[in-house]
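So the chains spell out like this:
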Amino acid sequence: MATEFIKVNPQIEKHIALIELNRPKELNALSRELMLEIRDTLRVLDEDDNVRVIILTGGEKVFAAGADIKQMATATAIDMLNIDQFSTWDQIKKTKKPIIAAVSGFALGGGCELAMTCDMIIASETARFGQPEIKIGTMPGAGGTQRLTRAIGKVRAMEMVLTGKFISAEEALQAGLINRIVPVEVLRDETLKLAREIAKLSPVSVKLAKESVNNTFNSTLDEGLVFERKNFYLTFASEDQKEGMKAFVEKRVAEFKGR
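Here is a short report on the structure shown in this document. (Residues numbered from 1 in each chain as written. Predicted model: local features only at pLDDT ≥ 70, side-chain atom pairs only at ≥ 80, totals over all residues. Heavy atoms only, no water.)

## Concerning a nonpolar patch on the surface
Side chains of Phe232, Tyr233, Phe236 and Met245 sit close together on the surface and give an oily, nonpolar patch of about 450 Å² of accessible area. Within the fold, Met245 resides in helix 11 (residues 239–249). (Patch = residues over 30% accessible without salt bridge, like charges linked within 9 Å, V, L, I, M, F, W, Y side chains within 5 Å. Areas by Shrake-Rupley, 256 points an atom, 1.4 Å probe, with all protein chains shown as cover. Salt bridge = Lys/Arg side-chain N within 4 Å of Asp/Glu carboxyl O. Helix = DSSP H or I, 4+ residues; strand = E, 2+ residues; numbered from the N terminus.)

See the structure below:
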């Protein structure tokens, strides 16, 4: 898998893949080229039966300090429309397998939006989240006003978006933006620990459960319940469901195959 702006390990551990942003001099600024590499890599990993969970990280120093402003500074509205850069972000949303963001240091602007597009976020004590686009005469465009509001509520999101202020890892945890905070030196290990918990479970059920949770944001409660029930019934067409319940009755560890 040839990449220039990210590092990819499709099997950092059994059934777990790792994508690491790799533009350290630019603080992992999200250029169009980098986002295309993430998009293409996720497509490959999503189709790989050996991969059950994907970790996305920027390393120990910085997750991503934002979009690559140099690429946008002189662009016109029509340029941005024609580039359609946000279409590359849609692949993250479409990825069926769980994606865990491991965030250390700045996750700002597009970096915060990238983390929020993932399914879970483990943050180090040094993590800082923010949508500072307002300070350079624009606003979030990759879901910042939408996902942040859903995650932490209207008034908190409004303050962050309209002032560009950053919040600490502790504030993000209290607001419900992240799952947990860990020391920076164990960030990867703790993220892998969560990934292992998910990877040992039925891949079929995990995909359907993720789909059902995500559907919450696009439907009413009644519509969501109907969707959830259909996916619940669908699990009973899988070998994993038969194996899981049989193992429970037999008081042994289930061996899930993803079928």
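## What about the sheet that holds strand 5 (residues 106–108)?
Spatially, 5-7-8 is the arrangement adopted by the three strands of the open sheet, whose pairing is mixed. On the outer flanks of this sheet lie strand 5 and strand 8 (166–168), each paired with one strand and no other. The average angle at which neighbouring strand axes cross in this sheet is 20°, direction not considered. Sheet analysis places strand 7 (residues 128–130) next to strand 8, joined by three bridges and oriented antiparallel. (Pairing = 2+ DSSP bridges. Axes fitted to C-alpha atoms, helices over the stretch in contact; angles between N-to-C directions.)

## Regarding unusual backbone geometry
Backbone geometry follows two general trends: most residues other than glycine have a negative phi, and most peptide bonds adopt the trans configuration. We note that Leu27 has phi near 55°; this positive angle belongs to a residue other than glycine. Position of Leu27 among the secondary structure elements: in the loop between strand 2 (16–21) and helix 1 (32–47). Even without being glycine, Lys251 reaches a positive phi, approximately 55°. Mapping Lys251 onto the fold places it in the segment after helix 11.

## Considering helix 8 (residues 187–199)
The end-to-end C-alpha separation of helix 8 is 18 Å, in line with the 18 Å expected for 13 residues at 1.5 Å each. Listing the buried residues of helix 8 in full gives Leu187, Thr191, Leu192, Leu194, Ala195, Ile198 and Ala199. Looking straight down helix 8, one finds that the buried residues subtend no more than 160° of arc, so they occupy a single side. (Expected span 1.5 Å × (residues − 1). Buried < 20%, exposed > 50% of the residue type's maximum accessible area, 1.4 Å probe, protein only. Arc of directions from axis to C-beta.)

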